[in-house]
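Read off the chains here:
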Amino acid sequence: QVQLVESGGGLVQAGGSLRLSCTASGSIFSTNNMGWYRQAPGKQRELVARISSSGGMTKYADSVKGRFTISRDNAKNTVYLQMNSLKPEDTAVYYCNALTGWVTTTTRFGWGQGTQVTVSS
């Protein structure tokens, strides 16, 4: 069973930056496309960034394009999300997970505990 552990969240002022990390247990990390999701209070969980298994392809939701950067280090079984120019509407719990494909939002594993990001205005 793969376990996902997210970290790096916190409280930041609008315009600030945070770098999130997600480490996965197990040796199959490098074969999976990975995604960062977020869930704001009262809203559905949404996929904000995805990266291919090799790291060669990335894709972003329009709401974060140009501000967030997803990357991965397969040697460390870790995927990152660099978040710049943060806005109050980025406030949410952020999760990572493996995707079952490239164009899908369907996840492969159970959810970790997530990491809270709060952006103050």
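Above this text sits the structure in question.
Residue indices follow the written sequence of each chain, beginning from 1 at its first position. Two thresholds apply to this predicted model, a pLDDT of at least 70 for residue-level local features and 80 or more for giving and counting side-chain atom pairs, whereas whole-chain, interface and lining totals are computed over all residues. As a rule here, side-chain values come from all non-hydrogen atoms in the structure, and water together with hydrogens is ignored.

Moving on, we come to the pattern of salt bridges. Here, a salt bridge means any side-chain nitrogen of Lys or Arg that lies within 4 Å of a carboxyl oxygen of Asp or Glu. Scanning the model with the defined rule gives four salt bridges in all. The residue Lys 65 makes a salt bridge to Asp 62 at a minimum N-O spacing of 3.0 Å. The salt bridge involving Asp 90 is made with Arg 67; its shortest N-O contact spans 2.7 Å. Here Asp 90 is found in the loop between strand E8 (78-83) and strand E9 (92-98), whereas its partner Arg 67 is found in the loop between strand E6 (58-60) and strand E7 (68-73), with 23 residues between them in sequence. Runs of E in the DSSP output that reach at least two residues are strands. Runs of H or I that reach at least four are helices, and both are numbered from the N terminus.

Another aspect to go through is the environment of Asp 73. Examined against the element boundaries, Asp 73 turns out to sit in strand E7. Taking the C-alpha atoms as reference points, Asp 73 and Arg 45, separated by 28 residues in sequence, lie 25 Å from one another. We call two residues in contact when some of their heavy atoms are within 4.5 Å. The contact partners of Asp 73, leaving out residues within four places of it in the chain, are Phe 29, Thr 78 and Tyr 80.

Of the grid points, spaced at 1 Å and generated over the protein atoms alone, those admitting a 1.4 Å probe that cannot get out make up cavities, while open sets with protein on both sides within 12 Å along at least five of seven lines make up pockets; any residue with an atom within 4 Å of a point is treated as lining. Grid points are joined across faces, edges and corners, and a volume is the space filled by probe spheres set on the points. According to the stated counting rule, one finds one cavity of 30 Å³ or more in the structure shown. The volume enclosed by the largest cavity comes to roughly 40 Å³. Forming the boundary of the largest cavity are Val 2, Leu 4, Ala 24, Ser 25, Gly 26, Ile 28, Phe 29, Met 34 and Phe 109. Partitioned by chemical class, the residues of the lining of the largest cavity number seven nonpolar, two polar and no charged. Following the grouping adopted for this structure description, the nonpolar residues are Ala, Val, Leu, Ile, Met, Phe, Trp, Tyr, Cys and Pro, the charged ones are Asp, Glu, Lys and Arg, and the polar ones are all others, Gly among them.

Between any two strands, pairing holds if DSSP finds at least two bridges. Overall, antiparallel pairing links the four strands, which are arranged E1-E3-E8-E7 in an open sheet. Of all strands in the sheet, those bounded by a partner on one side alone are strand E1 (4-7) and E7. Mean inter-strand twist for the sheet, computed between neighbouring axes without regard to direction, equals 15 degrees. Across four bridges, the pairing between E1 and strand E3 (residues 18-24) is antiparallel. Note that in E3 the partner of Glu 6 across the bridge is Cys 22. In this analysis, axes come from line fits to C-alpha atoms, helices being fitted only over the stretch in contact, and the angle between any two N-to-C directions falls in the range 0 to 180 degrees.

Take the state of the cysteines next. Pairs of cysteine sulfur atoms within 2.5 Å are what we label disulfides. Summed over the entire model, instances satisfying the criterion amount to one disulfide. Covalently, Cys 22 is tied to Cys 96 through a disulfide, its sulfur atoms 1.7 Å apart. Here Cys 96 lies in strand E9 and Cys 22 lies in strand E3, a separation of 74 residues in the sequence. An identical accessibility class is assigned to Cys 22 and Cys 96; each is buried. Think of it in three bands: residues with accessible area under 20% of the maximum for their type are buried, residues over 50% are exposed, and the middle band is partly exposed, with areas taken using a 1.4 Å probe on protein chains only.

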